[in-house]
Amino acid sequence: MPKIIQSIKAMQQQVKTWRKNDHLVGLVPTMGCLHEGHLSLIREAYKHADKVVVSIFVNPTQFGPNEDFAQYPRTFEEDIEKCLKEGVHAIFNPTIEDMYPVPQTTWVDEEELSKGLCGASRPGHFRGVTSVVTKLFNACLPDVAVFGQKDAQQALIIKKMILDLNFSIDMIIAPTVREYDELAMSSRNLLLTAEHRLNAPQIYQFLKQIPKSNVRSTRTLQQNFAEKMSAIGGQVDYFSVVSKDSLLPIEEIEEENTLIAVAVRMGPVRLIDNIFI
Ligand code: PAF
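Here goes a summary of the coordinates provided. As the structure is a computational prediction, the values presented were derived from the model and not from experiment.

**Some details on the site of the ligand**
Consideration 1: Residues in close proximity to the ligand include P29, T30, M31, Q62, V132, V133, F147, D151 and Q154, which together make up its full environment.
Consideration 2: One of the side-chain N or O atoms of Q62 is found 2.6 Å from an oxygen atom in the ligand.
Consideration 3: Q154 places a side-chain nitrogen or oxygen 2.8 Å from an oxygen atom of the ligand.
Consideration 4: Taken together, the elements giving at least two residues each to the shell around the ligand come down to β2 (25–30) and α6 (125–140).
Consideration 5: Classifying every residue of the shell around the ligand by side-chain character gives five nonpolar, three polar and one charged.

**A short note on helix α10 (residues 218–231)**
Consideration 1: The end-to-end C-alpha separation of α10 is 20 Å, in line with the 20 Å expected for 14 residues at 1.5 Å each.
Consideration 2: Packed against the buried residues of α10 are α9 (202–209), β7 (234–243) and β8 (258–266).
Consideration 3: The N-cap residue of α10 is S217: its side-chain oxygen and the backbone nitrogen of R219 are 3.3 Å apart.
Consideration 4: After α10 finishes, the residue G233 shows a positive phi value of roughly 80°.

**Concerning the side chain of T30**
Consideration 1: Turning to its location among the elements, T30 is positioned in strand β2.
Consideration 2: With residues near it in sequence (within four places) discarded, T30 still touches H38, V54, S55, I56 and F57.

**A short note on the pairing of β2**
Consideration 1: Counting buried positions along β2 gives six out of six residues, so the element sits mostly inside the fold.
Consideration 2: Residues V25, L27 and P29 line one face of β2 and the alternating positions G26, V28 and T30 line the opposite face, and both faces are buried.
Consideration 3: Sheet analysis places β2 next to strand β3 (residues 51–56), joined by six bridges and oriented parallel. Along β3, the bridge assignment pairs V25 with K51.

**Overview of the sheet that holds β7**
Consideration 1: Pairing is antiparallel across the open sheet formed by three strands, whose spatial order is β7-β8-β9. One side of each edge strand has no neighbouring strand; the edge strands of this open sheet are β7 and β9 (269–276). Neighbour to neighbour, the strand axes of the sheet diverge by 15° on average, direction disregarded.
Consideration 2: By the bridge criterion, nine bridges tie β7 to β8 in an arrangement that is antiparallel.

**Looking at the pattern of salt bridges**
One side chain can pair with another of opposite charge once the charged atoms of both are near each other.
Consideration 1: All chains considered together, the criterion is met by 14 salt bridges.
Consideration 2: For R19, the salt bridge identified is with D143, shortest N-O distance 3.1 Å. Of this pair, R19 sits in helix α1 (residues 8–20) while D143 sits in the loop between α6 and β5 (144–148), placing them 124 residues apart in sequence.
Consideration 3: Residue classification places D143 among the buried residues on the basis of a relative accessible area of 19%.
Consideration 4: Residues joined in a network through salt bridges with shared partners are E36, R43 and E86.

**Details of the environment of P103**
Consideration 1: Among the secondary structure elements, P103 is positioned in the loop between α4 (96–99) and α5 (117–121).
Consideration 2: For the pair P103 and Q13, spaced 90 residues apart in the sequence, the C-alpha separation amounts to 25 Å.

**Observations regarding the sheet that holds strand β4 (residues 90–92)**
Consideration 1: Taken in spatial order, the six strands make up an open sheet running β1-β4-β3-β2-β5-β6, and their pairing is parallel. Whereas interior strands pair on both sides, the edge strands pair on one side only; in this sheet they are β1 (3–5) and β6 (170–174). Looking at each pair of strands side by side, their axes are set apart by 25° on average, direction ignored.
Consideration 2: In this structure, β2 lies alongside β5, joined through two bridges in parallel fashion. The partner of G26 across the bridge, within β5, is V144.
Consideration 3: α6 contacts β2, β3, β4 and β5 of the sheet and is inclined by roughly 145° relative to β2.
Consideration 4: Packed on one face of the sheet, helix α7 (residues 152–164) meets β5 and β6 and runs near 170° to β6.

**Points about a nonpolar patch on the surface**
Consideration 1: A surface patch of nonpolar side chains, amounting to about 310 Å² of accessible area, comprises M1, I4 and L84.
Consideration 2: Within the element layout of this structure, I4 appears in strand β1.

What counts and how
- Sequence order as written defines the numbering, with residues in each chain counted from 1.
- This being a predicted model, a pLDDT of at least 70 is required before a residue's local features are given, and a value of 80 or more before pairs of side-chain atoms are given or counted; all residues contribute to the totals for chains, interfaces and linings.
- Based on all heavy atoms of the structure, the side-chain values leave hydrogens and waters out of the count.
- Think of it this way: one heavy atom of a residue within 4 Å of a molecule or strand is enough to make that residue near it.
- By the criterion applied in these results, polar contacts are pairs of N or O atoms within 3.5 Å in which, for protein atoms, one can donate a hydrogen and the other can accept it, and in which residues neighboring in sequence qualify only through two side-chain atoms.
- Numbering goes from the N terminus for both helices and strands, where a helix is a DSSP run of H or I of at least four residues and a strand is a run of E of at least two.
- Gly is placed with the polar residues, together with every amino acid not listed as nonpolar (Ala, Val, Leu, Ile, Met, Phe, Trp, Tyr, Cys and Pro) or charged (Asp, Glu, Lys and Arg).
- By this rule the span expected of a helix is its residue count minus one, scaled by 1.5 Å.
- We call two residues contacting when some pair of their heavy atoms lies within 4.5 Å.
- Exposure categories follow from relative accessible area, calculated using a 1.4 Å probe and restricted to protein chains: below 20% of the type maximum is buried, above 50% is exposed, and the middle band is partly exposed.
- In this scheme, strands are said to pair when DSSP sees at least two bridges between them.
- Note on geometry: axes are C-alpha line fits, over the in-contact stretch for helices, and angles between N-to-C directions span 0 to 180 degrees.
- In what follows, salt bridge is the name for a side-chain nitrogen of Lys or Arg lying within 4 Å of a carboxyl oxygen of Asp or Glu.
- Within the patch definition used here, like charges are joined within 9 Å and nonpolar side chains (Val, Leu, Ile, Met, Phe, Trp, Tyr) within 5 Å, considering only residues with over 30% relative accessible area and no salt bridge.
- Here the Shrake-Rupley method, with its probe set to 1.4 Å, supplies the accessible areas, and only the displayed protein chains count as covering residues.

Listed below in structure tokens is the structure:
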């Protein structure tokens, strides 16, 4: 059974005990509602660490005032079962009061990579992410931390934060795991209506055909994507063609340097996906 640890002090103490025995510690930060994508991150963590901690914390500071913090699925009992099957050593599951005991006035804010894509449509989101990931790093003191490629912008920002703030942590980015019909796995998929769930795989179907097609213009791709999404009841939040390192916009798709990232609203649910060219 994984140890369920709520307090930051107890978590730090546990890691210090492991480290005394020369164990390397891996952290998989999550907001719970664990699915096969998260489990692949846990398996990846085991390749690099002796003890694996999964943090489960739905972080309020990365949700905007009109976003789905209250609706975000919470399935803690099932999450424990899944962690048990994966042999996870500890689940760090702090309360909001444990993580934010006093009104917070110190924040970690990445200023370049977080401007576009999700950063543009979710103001303050990445400040919440980088701040909570810093707090999770300080609580769980990992040697290695594993994040998913599905959140490509988040992964890039955290990588930069680790570099900028001299965290002594190896970051691993693991590939996106997909459902049987290639919809990227996400806890939010549970919130889709049956019809939206049926149509949502078309997001990746569109992305997947781009490298094979000869359309290279970002503008044309944006128009085609918007039409396709509107036909299935989706509304494009963004379709961005950017440099995979700087996230700066690219007008014509280039070989080897391009990230195409999208966000689509299907009813109240916002889905993201991406593909590297
Ligand atoms: O990717 C997520 O689930 C969250 O943004 C993270 C990294 C756990 C921070 O709350």
